[in-house]
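Residue-level structure breakdown
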Amino acid sequence: TSASVKLHPRWDLSTGKLAGICLQSGREHERNSCLQPESLPPGSLWMVDLGYFSLKDYSDLGAHGKHWLSRVNSQCHLYDRDDKLWDLVDFLEEHCDSELDVHVLLGAKERLPCRLLAVRVPKEVAAVRRAKLKAEAQRKGRKVSKRALKLAGWTVLCTGASSELLSLREAFVLMRARWQIELLFKLWKDQC
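Residues numbered from 1 in each chain as written. Predicted model: local features only at pLDDT ≥ 70, side-chain atom pairs only at ≥ 80, totals over all residues. Heavy atoms only, no water.

1. Describing the nonpolar core
Test applied: We define a nonpolar core as any set of buried Ala, Val, Leu, Ile, Met, Phe, Trp, Tyr and Cys residues linked to one another through side-chain atoms lying within 4.5 Å. Exposure categories follow from relative accessible area, calculated using a 1.4 Å probe and restricted to protein chains: below 20% of the type maximum is buried, above 50% is exposed, and the middle band is partly exposed. When checking whether two residues touch, look at their non-hydrogen atoms; a contact exists if any pair is within 4.5 Å.
Ranked by size, the top nonpolar core spans 29 residues in total, and within it Tyr58, Leu92 and Leu116 carry the most contacts. In contact with Leu92, other than residues within four places in its own chain, are Leu100, Ala118, Leu151, Trp154 and Val156. In this structure, Leu69, Leu168, Phe172 and Met175 belong to the second largest nonpolar core, which totals 10 residues.

2. Observations regarding the packing of aromatic side chains
Note the threshold: Working definition: rings of Phe, Tyr and Trp (its six-membered ring) pair if their centres are within 6.5 Å, and the pair is stacked with planes under 30 degrees apart, edge-to-face with planes over 60 apart, and tilted otherwise. Think of it as a cone above the ring: NZ of Lys or CZ of Arg counts as a charge over the ring if it is within 6 Å of the ring centre and within 35 degrees of the ring normal.
Counting across every chain of the model gives 3 aromatic pairs. An angle of 90 degrees between the planes, with centres 5.5 Å apart, marks the rings of Phe53 and Tyr58 as edge-to-face. In terms of burial, Phe53 and Tyr58 fall into one category: buried. Here Trp86 and Phe91 contribute two aromatic rings whose centre-to-centre distance is 5.3 Å and whose plane-to-plane angle is 80 degrees, an arrangement assigned as edge-to-face. The exposure class assigned to Phe91 is buried, which follows from its relative accessible area of 2%. Clustering of aromatic rings is evident, with ring pairs tying together Phe53, Tyr58 and Trp68. Between Lys84 and the ring centre of Trp86, over which it is positioned, the NZ or CZ distance is 4.1 Å.

Shown next, in the form of structure tokens:
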């Protein structure tokens with residue numbers, strides 16, 4: 001019943017400038033924002049959070065010479081090169097001791113070819129993540145799944161960019177840089 005608005009900034013990390021801001025109804029999904037990846041020039045890298053996760057959008061970007069980098073939706077179907085369906089946690093436990101950079105297919109229908117990038121986080125980081133998951137679940141009167149607690153032990157990304165264009169290490173550096181948008185939101189909330 002209360003009014004709400006979503007603010008979508010586009011930040012060009014190569015120049016450090018805000019390249020666009022648009023307002024949207026707070027009840028609409030993020031993927032309906034006016035800042036769409038189609039307006040990016042060829043060769044661009046579209047980095048977004050999970051609210052914008054869309055295999056169709058990622059496929060369209062690749063078809064137009066653009067790249068993307070995102071965290072992985074943990075519910076997304078994951079197929080290996082042999083077309084075997086995996087649960088993400090099982091795949092990570094089987095294939096990722098510390099780091100992973102492997103070609104996979106994402107999506108039950110889409111079967112989007114991409115790279116799955118994963119890094120096992122230090123035990124202390126995983127413990128902090130698990131504590132946050134438990135606190136949030138308790139606040140909402142729910143339980144945290146064992147799967148979510150296991151997944152907290154990794155940071156997992158996916159990208160359509162080749163390893164020649166974007167190494168595993170570079171991908172994780174860029175995702176940390178994306179955190180600057182979160183800090184911008186915090187500043188706006190504190191000051192406005």
